[in-house]
Amino acid sequence: MQPEAFDTFIEMVRDCGTGIVQMPASCEMYLAQYLSSFDAERKMLLTALRKNVPNAIVQYDQKDGYDDHLDYLTAKLVKESECDAGDARWAVEAWAEALDRPAGYEIEQAIDPRKLREEQEQNPESGFKSKAVKTAMITIVGAGGFLGGFVAVALLPVLVWASGAEVVMNGGEDTGMFDKKSTNVQFFLACLLLAVGAGIVGSLGAIGAWLFAGGNENPWATFNVACGTAFVMVFIVTMMPLIPALLKPIFYVCSVFGTTYKSAARGGNY
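The present account deals with the structure reproduced in this document. (Residues numbered from 1 in each chain as written. Predicted model: local features only at pLDDT ≥ 70, side-chain atom pairs only at ≥ 80, totals over all residues. Heavy atoms only, no water.)

1. Regarding the overall build of the protein chain
Here comes step 1: A tally of helices and strands in the protein chain yields 11 helices and 0 strands.
Here comes step 2: Ordered by position from N to C terminus, the α and β elements of the protein chain give α-α-α-α-α-α-α-α-α-α-α.
Here comes step 3: Considering only residue pairs separated by 6 or more positions, the protein chain has 73% of its internal contacts joining residues 24 or more positions apart.
Here comes step 4: Looking at the protein chain as shown, the accessible area adds up to about 15,600 Å², and 60% of this sits on carbon and sulfur atoms. (Helix = DSSP H or I, 4+ residues; strand = E, 2+ residues; numbered from the N terminus. Contact = heavy atoms within 4.5 Å. Areas by Shrake-Rupley, 256 points an atom, 1.4 Å probe, with all protein chains shown as cover.)

2. Observations concerning the packing of aromatic side chains
Here comes step 1: What the rule picks out here adds up to 10 aromatic pairs.
Here comes step 2: Centre to centre, the rings of Phe146 and Phe150 are 5.7 Å apart; their planes meet at 15°, and the pair counts as stacked. Note that Phe146 and Phe150 are positioned in helix α8 (residues 124-162) at a spacing of 4 residues, about one turn of the helix.
Here comes step 3: Judged by relative accessible area, which is 30%, Phe146 ranks as partly exposed.
Here comes step 4: By relative accessible area, which is 24% here, Phe150 ends up partly exposed.
Here comes step 5: Judged by centre distance (5.3 Å) and plane angle (65°), the ring pair of Phe231 and Phe235 falls under edge-to-face. You can see Phe231 and its partner Phe235 sitting in helix α10 (residues 219-239), 4 residues apart, about one turn around the helix. (Phe/Tyr/Trp six-rings, centres within 6.5 Å; stacked < 30°, edge-to-face > 60°. Buried < 20%, exposed > 50% of the residue type's maximum accessible area, 1.4 Å probe, protein only.)

3. As for helix α11 (residues 248-265)
Here comes step 1: In this model α11 runs 26 Å from its N-terminal to its C-terminal C-alpha over 18 residues, within 8% of the 26 Å that 1.5 Å per residue would give.
Here comes step 2: All buried positions along α11 are accounted for by Lys248, Tyr252, Ser255, Val256, Thr259, Thr260, Ser263 and Ala264. One side of α11 carries all its buried residues, which in axial view fall inside an arc of 155°.
Here comes step 3: Positive phi shows up at Gly267, right after α11, with a value of about 70°. (Expected span 1.5 Å × (residues − 1). Arc of directions from axis to C-beta.)

4. Remarks on the packing of α10 against α11
Here comes step 1: Contact geometry for α10 and α11: axes closest at 9 Å, N-to-C directions at 155°. Viewed along their axes, α10 and α11 adopt a mutual orientation that is roughly antiparallel. Seen along the crossing, α10 lies across α11 with a hand that is right-handed. Where α10 approaches α11, its residues Ala221, Thr222, Val225, Ala226, Thr229, Ala230, Met233, Val234, Val237 and Thr238 are matched on the opposing element by Lys248, Phe251, Tyr252, Ser255, Val256, Thr259, Thr260, Ser263 and Ala264. (Axes fitted to C-alpha atoms, helices over the stretch in contact; angles between N-to-C directions. Parallel < 35°, antiparallel > 145°, perpendicular 65-115°, else oblique. Left-handed = near helix turned anticlockwise from the far one by under 90°.)

5. Quick word on the layout of surface pockets
Here comes step 1: Taken as a whole, the second largest pocket holds about 450 Å³ of empty space.
Here comes step 2: Taken together, 18 residues form the lining of the second largest pocket, with Val153, Ala198, Val234, Val237 and Thr238 sitting closest to its centre.
Here comes step 3: Every element with two or more residues in the lining of the second largest pocket is listed here: α8, α9 (177-213), α10 and α11. (1 Å grid on protein atoms, 1.4 Å probe; cavity = no way out; pocket = protein on both sides within 12 Å on 5 of 7 lines; lining within 4 Å. Points joined across faces, edges and corners; volume = space filled by probe spheres on them.)

6. Considering unusual backbone geometry
Here comes step 1: Phi is positive for Asn52, which is not a glycine, with a value near 70°.
Here comes step 2: The residue Asn52 is located in the loop between α3 (39-50) and α4 (53-59) in this model.
Here comes step 3: Its relative accessible area of 38% is what places Asn52 among the partly exposed residues.
Here comes step 4: Its identity as a non-glycine residue notwithstanding, Glu82 has a phi of 55°, on the positive side.

7. Looking at the pattern of salt bridges
Here comes step 1: Counted by the stated rule, this structure contains 7 salt bridges.
Here comes step 2: Among the ionic pairs, Lys43 bridges to Asp39, the shortest N-O distance being 3.2 Å. One end of the pair, Lys43, and the other, Asp39, are both in helix α3, 4 residues apart, so they sit about a helical turn from each other.
Here comes step 3: For Asp39, a relative accessible area of 37% gives the class partly exposed.
Here comes step 4: Within the structure, one salt-bridge network assembled from shared partners comprises Asp39, Arg42 and Lys43. (Salt bridge = Lys/Arg side-chain N within 4 Å of Asp/Glu carboxyl O.)

Worth remembering: the numbers are spatial, not functional.
What follows is the structure, encoded as structure tokens:
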């Protein structure tokens, strides 16, 4: 393994912040970008990421036995990925170093708030990166709720026109060609406004659930949950006559909130 690859990888994590491991899809993208010239090293780091090595490093909270824990992760990586032991050790040590937990690291059982505040004041950039990662996660989850609701409603004019049906207004009276075009435009604009509204409501439900559940990992998995729920629930609340019209938006946002909350609380699983 090339020393330049190790240095480049450390630079990547410093630039992105250690919270990048909580967003595996984004982390893979950055690995491809930063280590494009180091194919073997990139693949080994990517394998370790997919085998949950970074999270296992961060989540270790015992005061003693940290080096043994790294040895265990190395042996586990070799067994699960059938890679070379030396390459596996390099990847584990690279992740440990990047996450500020190199071999010999001692876990502090209790963190003095005053010390933490002093460290943040001395290195405000780390706090900024942490906030940036959290903001990115919230944005991703919110985008899932928005996209699902927006696409579902936006499909309505597409389905109408694809079926060859005509939009009839003005009490069903026959209209000329010009009036038909105007009616189609009005219908499209109305659907567009409804789509934006459904997207915003879905986004608010997803963001609220993520924050309320304290979500902090795998936002792309929760993105899929929020998007899928919002998309399906648009059709359900629209086609269920038993739900009063005034309660449909409430039923819709509560459904998005519930499934997104469940996913966020379980670390992206459902």
